[in-house]
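# Residue-level structural notes
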Amino acid sequence: DFQISLVQGLAASIPIALLSVPLGAMTDRGNRIRILLVLGVTWTLGTLATAFVTDFYMLFVARMLASIGAMCAVPVAISIAADLGPPENRGRSLLVLSLGNMAGVAAAFAFGGAALGALNASPFFEELAAWRGVHVLFAVASLALLLPLLFVREPARQEVGDAVNLPLRDALAAIWRMRPLLAPLFLGQVSVVMADTAAGIWAAPVLQRNYGLAPEEFAGWMGLVILASGLIGSIVGGVLADAGHNSRIKGGILIGAVSAAFLSIPGALFPLMPDATGFAWMLALFLACGAVTGLVTATSVAVLVPNELRGVCLATFMVVASIIGLGIAPTLVTLISDALGGESAVRYGLTVTGAVTSVAAAIGFSGAMARARKTA
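Residues numbered from 1 in each chain as written. Predicted model: local features only at pLDDT ≥ 70, side-chain atom pairs only at ≥ 80, totals over all residues. Heavy atoms only, no water.

## A short note on the overall build of the protein chain
Assigned secondary structure in the protein chain consists of 12 helices and zero strands. Going from N to C terminus, the protein chain has its helices and strands arranged as α-α-α-α-α-α-α-α-α-α-α-α. For the protein chain, the C-alpha radius of gyration of 20 Å lies close to 21 Å, the compact-globule estimate for 376 residues. The proportion of buried residues among the 376 residues of the protein chain is 52%. When contacts within the protein chain are restricted to residue pairs at least 6 apart in sequence, long-range pairs at least 24 apart make up 82% of them. In the structure as shown, the protein chain presents an accessible area of about 16400 Å², 71% of it carried by carbon and sulfur atoms. For the protein chain, the separation between the mean place of its 20 positive charges and that of its 19 negative charges on side chains is 14 Å. (Helix = DSSP H or I, 4+ residues; strand = E, 2+ residues; numbered from the N terminus. Rg over C-alpha atoms; globule rule 2.2 N^0.38 Å. Buried < 20%, exposed > 50% of the residue type's maximum accessible area, 1.4 Å probe, protein only. Contact = heavy atoms within 4.5 Å. Areas by Shrake-Rupley, 256 points an atom, 1.4 Å probe, with all protein chains shown as cover. Lys, Arg positive; Asp, Glu negative; His and termini not counted. Charge placed at Lys NZ, Arg CZ, Asp CG, Glu CD.)

## A word on the layout of surface pockets
If you add up the space inside the second largest pocket, you get close to 170 Å³. The wall of the second largest pocket is formed by Trp221, Leu224, Val225, Ala228, Ser229, Ile232, Thr277, Ala280, Trp281, Ala284 and Ala288. Counting residues per element, the ones that place at least two in the lining of the second largest pocket are helix H8 (215-245) and helix H10 (276-304). Residues belonging to the lining of the second largest pocket are distributed by class as follows: nine nonpolar, two polar and no charged. (1 Å grid on protein atoms, 1.4 Å probe; cavity = no way out; pocket = protein on both sides within 12 Å on 5 of 7 lines; lining within 4 Å. Points joined across faces, edges and corners; volume = space filled by probe spheres on them. Nonpolar A, V, L, I, M, F, W, Y, C, P; charged D, E, K, R; others polar.)

## Re empty space enclosed by the protein
A full pass over the atoms with the stated rule returns two cavities of 30 Å³ or more. As a volume, the largest cavity reaches approximately 80 Å³. Val192, Ala195, Asp196, Ala260, Ala261, Ser264, Phe286, Cys289, Gly290, Thr293, Ser358 and Ala361 together form the lining of the largest cavity. Mapped by element, the contributors of at least two residues to the lining of the largest cavity are helix H7 (179-211), helix H9 (255-267), H10 and helix H12 (346-371). Looking at the lining of the largest cavity, the element that brings in the most residues is H10, giving four residues.

## Observations regarding the environment of aspartate 242
With respect to the helices and strands, the residue aspartate 242 is situated in helix H8. Along the sequence, aspartate 242 and threonine 299 sit 57 residues apart, while their C-alpha atoms lie 8.5 Å from each other.

## Let's talk about helix H1 (residues 2-29)
The end-to-end C-alpha separation of H1 is 40 Å, in line with the 40 Å expected for 28 residues at 1.5 Å each. A maximum bend of about 45 degrees is found in H1 at leucine 19, where proline proline 22 lies one to four positions downstream. (Expected span 1.5 Å × (residues − 1). Bend = angle between axes of the 7 residues up to and from the residue.)

## Here we look at the packing of aromatic side chains
In total, this model carries five aromatic pairs according to the counting rule given. Note on tyrosine 211 and phenylalanine 279: the rings are 5.4 Å apart at their centroids and 70 degrees apart in plane angle, and the pair reads as edge-to-face. One end of the pair, tyrosine 211, is in helix H7; the other, phenylalanine 279, is in helix H10, with 68 residues separating them in the sequence. Both rings, one in phenylalanine 270 and one in phenylalanine 286, keep their centres 5.6 Å apart while their planes meet at 45 degrees; by these two values the pair is tilted. Of this pair, phenylalanine 270 sits in the loop between H9 and H10 while phenylalanine 286 sits in helix H10, and the two are 16 residues apart along the sequence. With a relative accessible area of 2%, phenylalanine 286 lands in the buried category. (Phe/Tyr/Trp six-rings, centres within 6.5 Å; stacked < 30°, edge-to-face > 60°.)

## Things to note about the confidence of the model for the protein chain
Low-pLDDT portions of the prediction should not be read for the details of their coordinates. Considering every residue of the protein chain, the mean pLDDT works out to 84; 96% of them sit at 70 or more. The least confident element of the protein chain, judged by mean pLDDT, is H1 at 78; the most confident is H9 at 93. (pLDDT = per-residue confidence, 0-100.)

The following block contains the structure:
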């Protein structure tokens, strides 16, 4: 459990912490489509390398390589999407990214579980274990899905001020001056990242250990839960972000995040449900709330932060989220479960982590809303 938490958490957080800010600066100045394509090739190579590792350390490095591409691509994609629509419709513009993210995670569970069961029953890769074969299949699929980026044009940048060539140090100083708004927003979203990361990593082990289900038995409906919650949460988040921004409510752009954060507190109890059906419904609520807050946070940054600072600002978010959210949350679950009884107590560690981080998110988003001001 501890090694899994390091592979899923620390291996992702290290490259993000080191590279997000430099990549954010490149995003604010360079060709974002090309950057996104390079990152896509990087995560594909990391996925393929995962299939051929021979020990824990090689696995750790392979997952680092995959995380460099997958996680560092987020600020780049948000920057691109933000320039595809005006500020008053930006929530719906970023909705596409949120839907893609949720659809990808759902597909990973559904197709990954199905492929694992199929390869266990009838190996296609004779020399590879089933889980290794799944990673080969996903690497090939990833490479194919990247091909359309070769035909996408770089969109024109909107709302660019005089500081478009601002040095990185000055850009970070400008972001620091916005800390009354950004600090509580950081707290809210980092807490959500912690909660969602812990749920994404430990939901499957809980279903196996505490509900007696095999991966092929829950992979299909788990993927459906993730997809449905992501669709609903993203749509609600996008609509609420635009409606709040266009309303007369002070800081109204964040009202959806505040509401979802409070609603996620009872949703964090999903590992304690008496049966798998209750588990699925409560997990859907929990993940939907996370989708709402993620969409609203991205929209808030895209609206309230100048274009020439967005890449660095989002990258700074990624650094903090990777160190705290990805680096700490998975291991925190194992430490709590060890204190409460060992591997069979993972459900309790996951519940405590989800509930505490949801409370912290509610506090953070409430503070950010109090500080936010409507901007043109």
